[in-house]
Amino acid sequence: MADGEGAPSASASANAAGQDSGNKLVIVIVGAGLGGLLAAIGLALDGHRITILEQAASFGEVGAGMRIPPNCFKILRRWGVNTTYLKKTHSNGNRFVRYDNGALLADMPHGVPELDFGGSYLMVHRADYHTVLLERALELGVVIRAGNRVEDYDWDVPAAILQGGETVRGDLVVVADGKATP
Ligand SMILES: Cc1cc2nc3c(=O)[nH]c(=O)nc-3n(C[C@H](O)[C@H](O)[C@H](O)COP(=O)(O)OP(=O)(O)OC[C@H]3O[C@@H](n4cnc5c(N)ncnc54)[C@H](O)[C@@H]3O)c2cc1C
């Protein structure tokens with residue numbers, strides 16, 4: 001098996017030039033979904049070197065509407081994810097209705113999330129959310145290898161093994177493959 005592109009040095013404490021890189025790690029993330037991208041952004045901001053292996057060859061209009069509650073919104077803001085031009089609306093509350101006749105069961109207004117919780121409560125489309133996360137990850141230097149399906153792992157290395165046999169080593173492998181995880 002060939003070693004993966006950008007494979008890490010044997011030790012996390014020495015980079016290719018042999019200089020001390022402190023505790024910065026080479027991290028391989030499997031899956032460029034919401035979880036993988038968010039993990040990549042957080043870890044890249046801490047100075048780690050990230051490669052994401054994603055089975056899909058390209059990213060499209062997948063998913064439906066979703067909520068970004070104030071706690072998540074505040075993390076996005078801190079991590080520099082630009083939601084300014086993200087197509088969105090603001091949630092004013094949760095209303096539970098009976099599915100068969102629409103009778104109101106509970107009405108739970110949020111108040112003003114910006115004042116009460118320090119962040120907005122957004123309603124977005126998953127594809128748009130994914131796009132702004134992808135943009136931020138790329139901006140931070142995260143390497144995204146699309147069309148790279150992981151078939152197996154070698155936890156002793158640790159490494160992800162791609163379809164075709166290439167081994168991609170890291171100091172740490174993070175699996176964010178959604179419901180695909182056995
Ligand atoms: C109906 C519904 C409503 C939801 N509403 C909300 C909401 O309002 N707000 C909210 O925050 N969350 C919501 N969620 C949850 C949210 O969608 C998930 O938490 C999130 O998508 C999980 O992210 P993930 O990265 O783990 O998985 P995914 O986003 O599923 O990404 C997994 C990625 O891994 C890739 N992959 C899989 N196998 C491999 C492999 N072998 N090799 C390489 N790549 C691989 C896939 O192609 C995919 O890109 C909702 C979920 C559902 C089902």
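Rules used throughout
Residues numbered from 1 in each chain as written. Predicted model: local features only at pLDDT ≥ 70, side-chain atom pairs only at ≥ 80, totals over all residues. Buried ≥ 20, exposed ≤ 12 C-beta atoms within 10 Å, placed from the backbone. Helix = DSSP H or I, 4+ residues; strand = E, 2+ residues; numbered from the N terminus. Pairing = 2+ DSSP bridges. Right-handed = clockwise from strand over helix to strand, strands pointing away. Axes fitted to C-alpha atoms, helices over the stretch in contact; angles between N-to-C directions.

Another aspect to go through is the pairing of strand S1 (residues 26-30). A large share of S1 lies buried, amounting to 5 of its 5 residues. The alternating pattern of S1 places Val 26, Val 28 and Val 30 and Ile 27 and Ile 29 on opposite faces, both of which are buried. As judged from the 5 bridges shared by S1 and strand S2 (residues 49-53), these two strands associate in the parallel manner. Within S2, the position partnered with Val 30 by the bridge is Leu 53. Handedness of the crossover is the feature at issue here: the chain leaves S1, passes through helix H1 (residues 34-45), returns alongside S2, and the resulting connection is right-handed. Sheet analysis places S1 next to strand S12 (residues 172-175), joined by 4 bridges and oriented parallel. Bridge pairing in S12 links Ile 27 to Leu 172.

Overall, antiparallel pairing links the 3 strands, which are arranged S3-S7-S4 in an open sheet. Looking at strand neighbours, the two that pair on one side only are strand S3 (65-68) and strand S4 (88-90), the edges of this open sheet. Strand-to-strand twist of the sheet, defined as the mean angle between neighbouring strand axes without regard to direction, takes the value 30°. Two elements, S3 and strand S7 (residues 122-125), share 4 bridges in a ladder whose sense is antiparallel. Directly across from Met 66, in S7, lies its bridge partner Val 124.

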